[in-house]
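Architecture at a glance
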Amino acid sequence: MSQKFFDVIVAKEYETTINGNLEKKTAWNRIGRAWPSRSGESISFELFMHPNQRYVVQMKERNQDNTTKNQEVPF
């Protein structure tokens, strides 16, 4: 049985000069993949570590009183 997954990608914008004209470009990099849980309430993911890259994942933590709190997890 094959499990459905999603690519995790990031975009990096940069500028180049072509024939004296400044041109904006975007590079897209696949940095991992993610899977939804069976219940659909959460996702699991794996990140492919690249040299000199920093990853920050922002998640919301559920409390018992149904309020949310932002939590950042650096890698």
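Counting starts from 1 at the beginning of each chain's written sequence and moves along it residue by residue. Note on the predicted model: pLDDT of at least 70 is required for a residue's local features to be given, and 80 or more for side-chain atom pairs to be given and counted; whole-chain, interface and lining totals, by contrast, use all residues. Each side-chain value is derived from all of the structure's non-hydrogen atoms; neither hydrogens nor water enter the calculation.

1. Things to note about the overall build of the chain
In plain terms, the rule: Helix and strand labels come from DSSP, where a helix needs a run of H or I of at least four residues and a strand needs a run of E of at least two; each type is numbered from the N terminus. The classification of residues rests on relative accessible area computed with a 1.4 Å probe and restricted to protein chains. Under 20% of the type maximum is buried, over 50% is exposed, and intermediate values are partly exposed. Between two residues, a contact is recorded if the distance between any of their heavy atoms is within 4.5 Å. A 1.4 Å probe and the Shrake-Rupley method give the accessible areas. Residues count as covered only by the protein chains that appear here.
Helices and strands together make up the secondary structure of the chain, namely 0 helices and 5 strands. Overall, the chain shows an N-to-C arrangement of helices and strands of β-β-β-β-β. Here the chain holds 75 residues, and the buried ones make up 8% of them. Long-range pairs, those at least 24 residues apart, make up 21% of the contacts in the chain between residues at least 6 apart in sequence. Summing over all exposed atoms, the chain offers an accessible surface of approximately 7,100 Å²; the carbon and sulfur share of this is 47%.

2. With respect to the pairing of strand 1 (residues 6-18)
Applied cut-off: When DSSP finds two or more bridges between a pair of strands, those strands are recorded as paired.
Sheet analysis places strand 1 next to strand 2 (residues 21-36), joined by 13 bridges and oriented antiparallel. The partner of Asp7 across the bridge, within strand 2, is Arg33. Remark: 2 residues form the turn of the hairpin made by strand 1 and strand 2, two consecutive strands paired antiparallel; Asn19 in that turn has positive phi of roughly 55 degrees.

3. Observations regarding the sheet that holds strand 2
Applied cut-off: Between N-to-C directions, angles span 0 to 180 degrees; the directions come from axes that are lines fitted to C-alpha atoms, helices contributing only their stretch in contact.
Taken in spatial order, the 3 strands make up an open sheet running 1-2-3, and their pairing is antiparallel. A single partner strand is all that each edge strand has here, and the edge strands are strand 1 and strand 3 (43-47). Across the sheet, the axes of successive neighbouring strands diverge by a mean angle of 35 degrees, strand direction being ignored.

4. Points about the environment of Trp28
The topology assignment puts Trp28 in strand 2. As for Trp28 and Ala11, which are separated by 17 residues in sequence, their C-alpha atoms are 4.6 Å apart. Ignoring any residue separated from it by four or fewer positions in sequence, one finds Trp28 in contact with Ile9, Val10 and Ala11.

By themselves these figures say nothing about function.
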